[in-house]
Amino acid sequence: MNDTYELPISTTAVARDAFNRALKSFTGYDADLPEHAQAALQADPQFALGHCLWGYFMLLAYSRATVPAAADALRAATQHAGGATPRERAHVRALELWVAGDLDGALREWEEILAAWPRDVLAVRLTHANYFWLGRQAEMRASLERVAPHWADDSGFMACLAFSLEETGDYDAAERMGRRAVELDPTEVWGAHAVAHVLEMQGRPAEGIAWLAGLEPHWHGKGLFVHHLWWHRAMFHLAGREFDAVLELYDQRFRNLASPLTSAMPDFYVDVQNAASMLLRLELRGVAAGARWEELADKAEARIGDCLSAWTLPHWMMALAAAGRDAPARAMLDAMKESGSPVVSEVAVPVCQAVLAHRRGEHERVVSLMSPLIGRLQELGGSHAQRDVLAQLFLDSRSKAQRAA
């Protein structure tokens, strides 16, 4: 039998239906993905691709804490791969590579899947996400453009391509495609996100606020990603120096510790990026963050040595530095140096040292550390809009160092 995208899968009818619902949740950033993914495995414990989906979901948290669950999913998928289709077995190989830490190998496997089965939505979305977090925007766009003829007017695919167009500087095409994706499906949050990025990059904050406010009624049932959309709205208010609105969005929307979404995963990497970068942006504009840094610093201490998300590392350091936790900050730097990742050791370590130095008022040191890295910051991953917080920190120190001189 086939899945939603007309690709053969090896399972029962009940498990197929649950798996299709899980794919819809996965592509739509819906909060009920775990429920449907587990329902598929309960209906058919021998469903290899179902185990792969669960393993992928665990690894997309970019947290050491979820790797054991992904390894368990891999063992189950491998055990039941004998009766799987060639495409499903290729996913088992990709999951094996990712669990082993070979993300480049997993990307090659997903690209091979797309070459043979261009309608494989898992491979489309996993390449999209991982190229992005590796800072490989051109590859992110090229991967989608290779399979675009097979996707027609699929709103989810259009949203991915729109974001890739934005990150590679084609703002007009990105905005047209992102708006079309949302027109086709108003619940398409990744398309809403792509347009928000265009409006951010082009300095159109009033339009950005109106765009996101108009779509918010369609976000019921969405998962943690909705926090990032509220962060984007806060960014637009920040541009207008509407600091009370920014703090209200921080406390009530994207860092509301009492909300069920945040309570379920309080150290989710994108949420941490949203929170720490916004507090730093506010402080650079003279707005006190108060005690908000403390809970982020608590989370940072618990994640020392976890380097699976390079772009999150400077945000952990922002919290530790702001909270005055020098010993944990040193421990974090030591662990990063031992990570074995060139990007972490060569880029993230000096950037985190610069974040710490900035907090201490050592502005000459910030300039010294960051000047050689300006051309490499993209390797940390994240978007142009997200990485701008480091540019702001660098420029603040450069200005103050020059005044001191």
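Refer to the structure above for everything that follows.
None of these values were measured; they are calculated from a predicted model.

**Points about the overall build of the protein chain**
Within the protein chain, the regular secondary structure consists of 22 helices and zero strands. Against the 2.2 N^0.38 benchmark of 22 Å for 405 residues, the protein chain shows a C-alpha radius of gyration of 21 Å, consistent with a compact globule. Principal axes of the C-alpha set define a box for the protein chain whose edges measure 70 × 45 × 40 Å. Each of the 405 residues in the protein chain was classed as buried or not, and the buried ones make up 57%.

**As for helix α18 (residues 313–322)**
Burial runs high along α18: nine of the 10 residues are buried. Regarding α18, the residues found buried are Leu313, Pro314, His315, Trp316, Met317, Met318, Ala319, Leu320 and Ala321. On its buried side, α18 packs onto α16 (269–284), α17 (292–302), α19 (326–337), α20 (342–359) and α22 (384–404). Positive phi appears at Gly324, one or two residues downstream of α18, with a value of about 70°.

**Describing the side chain of Gln273**
Mapping Gln273 onto the fold places it in helix α16. Not counting chain neighbours up to four residues away, the residues in contact with Gln273 comprise Trp133, Ser309, Trp311, Thr312, His315 and Gln386.

**Let's talk about the packing of α17 against α18**
Put simply, α17 and α18 touch, their axes get as near as 8 Å, and they point 120° apart. As judged from the angle between their axes, α17 and α18 are oblique. Of the two possible hands of crossing, α17 and α18 adopt the one that is left-handed. Each of Trp293, Leu296, Ala297, Lys299, Ala300 and Glu301 in α17 lies in contact with α18, whose residues at this interface are Trp316, Met318, Ala319, Leu320 and Ala322. When its residues are assigned to classes, the contact of α17 with α18 shows nine nonpolar, no polar and two charged.

**Focus on the pattern of salt bridges**
The tally for this structure, following the rule as stated, stands at 30 salt bridges. Between Arg93 and Glu109 there is a salt bridge, with the nearest N and O atoms lying 3.2 Å from each other. Taken as a pair, Arg93 in helix α5 (residues 86–99) and Glu109 in helix α6 (residues 103–116) lie far apart in primary sequence, 16 residues in all. Residue classification places Arg93 among the partly exposed positions, given a relative accessible area of 41%. Between Glu295 and Lys299 there is a salt bridge, and its shortest N-O distance comes to 2.8 Å. Remark: Lys299 and Glu295 occur in helix α17; sequence separation between them is four residues, near one turn of the helix.

**A word on the nonpolar core**
One finds Trp98, Trp110 and Met336 to be the most contacted residues of the largest nonpolar core, which totals 145 residues. In terms of residue count, the dominant contributor to this core is α20 (10 residues).

**Overview of the packing of helix α2 (residues 33–43) against helix α3 (residues 48–59)**
Close contact between α2 and α3 brings their axes to 9 Å; oriented N to C, the two are set at 150°. As the angle between them shows, α2 and α3 are arranged roughly antiparallel. Where α2 crosses over α3, the two elements pack in a sense that is left-handed. Every residue of α3 that contacts α2 at Leu33, Pro34, Ala37, Gln38 and Leu41 is listed here: Gly50, His51, Leu53, Trp54 and Phe57. Within the contact of α2 with α3, the residues separate by chemical class into seven nonpolar, three polar and no charged.

Cut-offs used in this document
In this convention, every chain numbers its residues from 1, walking through the sequence in written order. In keeping with the predicted nature of the model, local features appear solely for residues at pLDDT of at least 70, side-chain atom pairs appear and are counted solely at 80 or more, and the whole-chain, interface and lining totals rest on all residues. Working from all heavy atoms in the structure, the side-chain values ignore hydrogens and water. Helix and strand assignments follow DSSP, with helices taken as H or I runs no shorter than four residues and strands as E runs no shorter than two, numbered in order from the N terminus. Here the globule rule reads 2.2 Å times residues to the power 0.38, and the radius of gyration is calculated from C-alpha atoms. Partly exposed describes any residue whose relative accessible area lies between the buried limit of under 20% and the exposed limit of over 50%, with all areas from a 1.4 Å probe on protein chains only and scaled to the type maximum. We call two residues in contact whenever any of their non-hydrogen atoms come within 4.5 Å of each other. The axes used here are C-alpha line fits, helices contributing only the stretch in contact, and every angle between their N-to-C directions lies in the interval 0 to 180 degrees. Orientation labels follow simple angle bins: below 35 degrees gives roughly parallel, above 145 gives roughly antiparallel, 65 to 115 gives roughly perpendicular, and whatever is left gives oblique. By convention the crossing between two helices is left-handed if the near helix lies anticlockwise of the far one by an angle smaller than a right angle, and right-handed if it lies clockwise. Only Asp, Glu, Lys and Arg are considered charged in this grouping, and only Ala, Val, Leu, Ile, Met, Phe, Trp, Tyr, Cys and Pro are considered nonpolar; every other residue, Gly among them, is considered polar. Within this document, salt bridges are pairs made up of a side-chain nitrogen of Lys or Arg and a carboxyl oxygen of Asp or Glu, the two lying within 4 Å of each other. Side-chain atoms within 4.5 Å link the members of a nonpolar core, which is a set of buried Ala, Val, Leu, Ile, Met, Phe, Trp, Tyr and Cys residues.

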